[in-house]
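Descriptive analysis of the structure
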Amino acid sequence: MPSNSRPATDDRVEALLAAMTLEEKLAQLGSVWPGASHGTDDEDGAVENVAPMQDVFAQQADFETATRHGIGHLTRPFGSKPVDPAQGAAALADLQRELVAKTRLGIPAIVHEECLTGFTTYRASVFPAPLAWAATFDPALVEQMAHAIGTGMRQVGVHQGLSPVLDVVRDYRWGRVEETLGEDPHVVGMMASAYVRGLESAGVVATLKHFAGYSASRAARNHAPVAMGRRELHDVILPPFEMAVREGGARSVMNSYNDIDGVPAGADESLLTGILRDDWGFEGTVVSDYWSIAFLATMHRVAASYGDAGALALRAGIDVELPDALCYREDLLDQVRSGAVDEKHVDRAVRRVLRQKAQLGLLDEDWAPEPAGTVDLDPPGNRDIARRLAERAVVLLDNPQGTLPLPANASIALVGPCADDPQAFFGCYSFPNHVLPRHPDLPLGIEAPSLLDALRAELPGARITSSHGCPIKDADRSGFADAAAAARAAQVCVAVVGDRSGLFGRGTSGEGCDAEDLTLPGVQDELVEQLLATGTPVVLLVVSGRPYALGRYVGRAAAIVQAFFPGEEGGPALAGVLSGRVVPSGKLPVQVPALPGGQPGTYLHPPLGGNTQGVSNLDPSPAFPFGHGLSYTTFAYDDLRLSADTVPVDGEITVSCTVTNTGPRGGEEVVQLYFDDPVAQLARPVAQLAGFARVALGARQRARVTFRLHTDRLAFTGVDLRRIVEPGRIDLAVGGSSRDTPLRGSFIITGSTRAVDRNRVLTTPVDVVHQF
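Residues numbered from 1 in each chain as written. Predicted model: local features only at pLDDT ≥ 70, side-chain atom pairs only at ≥ 80, totals over all residues. Heavy atoms only, no water.

**Side note on the environment of R388**
By secondary structure assignment, the location of R388 is in helix α16 (residues 380-393). Remark: the alpha-carbon pair of R388 and G570, spanning 182 residues in sequence, is separated by 9.9 Å. Setting aside residues no more than four positions away along its own chain, R388 makes contact with L141 and Q144. (Helix = DSSP H or I, 4+ residues; strand = E, 2+ residues; numbered from the N terminus. Contact = heavy atoms within 4.5 Å.)

Below, the structure is given as structure tokens:
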């Protein structure tokens, strides 16, 4: 990335701005989607959109007409249809040269693409889904992954990635849970900031989404309204975004589709300007989610026309309209000329866009399109990162009789709809599940062994049979008998159930694939019951994009394993866990419910949100709590020490303990620090994560883990809507999950209530010292 000084950059931006006509200014705030269509009909006549309402809004204008005054962005030239990477890079370079040659000012476009589970293009690596990254509790590895993704994108001429997703899970039924980093704001912020640093270090602009509140929609319906108080917004939803801006260095933010208490995010100046820029100091660009500005008129009905919608969004703080310019066009141009919209709002947005183009080198005199050539978007280094992520993300939920690992020479029935389907390992924004369904004649484009293939390679001495059992989604029970027969003939049955990710109802997880309840999709629960009835020990392996209700299987299944869409290396990673080659170390970033109804219910709840002991007939206690995850070894916690009994309201305390691997083999434990504020001016969560550390320990090895906890980390939004630290007692708990915390302590915060400013401490540093 060019290292232009800020004054020099500003000078160039101002010179360009002064030379621009109003038409050229508005063009910089727009985008064009060269590969878009009105949607492709599948065999059933359904429209195969890759963005919401693409069939309604997609533009058909030719490139020359759409860019006659220039353009701000080019939308997804690689991610709209299968494109050979080298040929795509050459075609994109031609588009950029045409844009420079045929426009008066010759300004190249920023090229953006999706990159949530890897660069969303043909033949690119498919990494685990974000919910799996969160299960690793390993920010450093996520940063490596994001750098690898960004490196491939820059290789072919892409400048901006529409990732990561920072929506905090509030209801597991929401289809986009798979895209999130879980239900804890601190984990979301830490993992997302790591992703941002990795992508930005490769010279690609990271885009935080969806700002804000999208995940808290009523009944977990995609694009539904959000009913949320300001305190929940400020204490749960916004902190990850603030961390990714301040700690990660993100240079772009995307607004969300939802409204909160009737105010659409895309028209909310207090959010897009007041909080984001005035409070947090953000200096990058705000881009619209696809067609979200038009939705101000058509879906929210707060604007009478596209031009009025554009005026609302521009004033609120949206700088660039994606994926096409519908609202930042002639109607808005007329409003600016008439004085209805002040041109200063246009100039403000154009400055931001041009400054970003300068940072990317697009305004340099010697700029040239990225060179095309031999490109490998799935190199061995990427696959190594994908493998390590997948292995560290697998969560062993239950193993009461030690059924896992499987014996090397066992007779195994591998049963279920996800047993021999590598696409069951991919999220909805992976190219194989996002775009390839529209091109059924093409292969995946990457190597991705199914679990069946991987387990046969992993355990060559085992006798492995396989049976489909039932589809993932449809109510077809015709395979039950064969599946049960395979289970009865084996020493152990591995039931592989879960999701197939897709878009807008075409899958069981993913954007627009919301769930009525948390029963396994289709008739998979019935299949599992048939297998349990055989008497053969059943290892339940769930490969999914959301947690499903598994309480009915606790104590009945021989073991339970959870994997959240583990990506292209998911088959070998899961086979390694089943064989014992890989010691499981993943921890739950979301709780696993006991019952399919009674949502929502994350671990971040005040006393009334938990088991109220008979006040209600519904018990919201999970089958497995947040942070839970077992291993093939065991860990012991002892010697909790606090550096002080009292801490001033603007002070810091160290919290340390010893963690010992008490088992016979090496493993990794995620040490978790929780706090509880038992008496406050508002009802506070009964447990909230303050910090975590992933610690690798050899057999019988121990380590001293020390957290540095600043009182800012205990702040909350008070009665008067100020973020404050209150004096009083704070209870601490340390352990391996939110429910398994053998170490307990407390300290007193002294002094007067303190308001926390924009410079507050957002992280909890941790030191790990191994003891031999």
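**Description of the packing of aromatic side chains**
On inspection of all chains with the given rule, the structure shows 15 aromatic pairs. Geometrically, the ring pair formed by F137 and F626 is edge-to-face, given 6.4 Å between the ring centres and 65 degrees between the ring planes. Placement of F137 in the loop between α6 (130-136) and α7 (139-155) and of F626 in the loop between α21 (570-579) and β16 (635-642) is noted, with a sequence separation of 489 residues between them. Judged by centre distance (4.4 Å) and plane angle (5 degrees), the rings of Y603 and F626 are stacked. Placement of the pair is Y603 in the loop between α21 and β16 and F626 in the loop between α21 and β16, with a sequence separation of 23 residues. Each member of the pair, Y603 as well as F626, carries the same accessibility label: buried. Each residue in the set F137, Y603, F626, Y674 and F692 is aromatic and connected to the rest through ring pairs, giving one cluster. (Phe/Tyr/Trp six-rings, centres within 6.5 Å; stacked < 30°, edge-to-face > 60°. Buried < 20%, exposed > 50% of the residue type's maximum accessible area, 1.4 Å probe, protein only.)

**Some details on the packing of helix α19 (residues 480-488) against helix α20 (residues 524-532)**
Remark: α19 packs on α20, axes separated minimally by 9 Å, with the N-to-C direction vectors making an angle of 35 degrees. Crossing angle aside, the handedness with which α19 passes α20 is right-handed. Touching F480, A483, A484 and A487 of α19 are E526, L527, Q530 and L531, all from α20. The residue makeup of the contact of α19 with α20, split by class, is six nonpolar, one polar and one charged. (Axes fitted to C-alpha atoms, helices over the stretch in contact; angles between N-to-C directions. Left-handed = near helix turned anticlockwise from the far one by under 90°. Nonpolar A, V, L, I, M, F, W, Y, C, P; charged D, E, K, R; others polar.)

**Some points on the pairing of strand β20 (residues 688-697)**
The buried fraction of β20 is high, at nine of ten residues. Sheet topology places strand β19 (residues 667-676) next to β20; nine bridges connect them, and they run antiparallel. Residue V670 lies in a different strand from β20, and its bridge partner there is R694. (Pairing = 2+ DSSP bridges.)

**Structural notes on the pattern of salt bridges**
Throughout the structure, instances matching the rule amount to 48 salt bridges. Among the ionic pairs, R760 bridges to E242, the shortest N-O distance being 2.8 Å. Here R760 is found in the loop between β26 (754-755) and β27 (766-771), whereas its partner E242 is found in helix α10 (residues 239-248), with 518 residues between them in sequence. The two residues R760 and E242 agree in class, both being buried. Of the charged contacts, one joins D677 and R684 as a salt bridge, the two residues approaching to 3.9 Å between their closest N and O atoms. Like R684, D677 is buried. Overlapping salt bridges, with partners in common, bring together D384, R387, R388, E391, E458 and R581 in one network. (Salt bridge = Lys/Arg side-chain N within 4 Å of Asp/Glu carboxyl O.)

**Here's the deal with the nonpolar core**
By size, the foremost hydrophobic cluster in this structure holds 170 residues, and its most contacted members are F211 and L540. Counting residues per element, this core draws most heavily on helix α8 (residues 185-201), which supplies eight residues. In this structure, L540 is in contact with A495, V497, V528, L550, Y553, A557, A559, I560 and V561, ignoring residues within four places of it in sequence. Ranked by size, the runner-up nonpolar core spans 40 residues in total, among them L404, A410, L444 and A454. (Core = buried A, V, L, I, M, F, W, Y, C linked by side-chain atoms within 4.5 Å.)

**Remarks on the layout of surface pockets**
One number sums up the size of the largest pocket: a volume of about 920 Å³. Contributions of two or more residues to the lining of the largest pocket are made by α8, α9 (230-237), α10, β20 and β22 (716-717). The greatest single-element share of the lining of the largest pocket, amounting to four residues, is contributed by α9. (1 Å grid on protein atoms, 1.4 Å probe; cavity = no way out; pocket = protein on both sides within 12 Å on 5 of 7 lines; lining within 4 Å. Points joined across faces, edges and corners; volume = space filled by probe spheres on them.)

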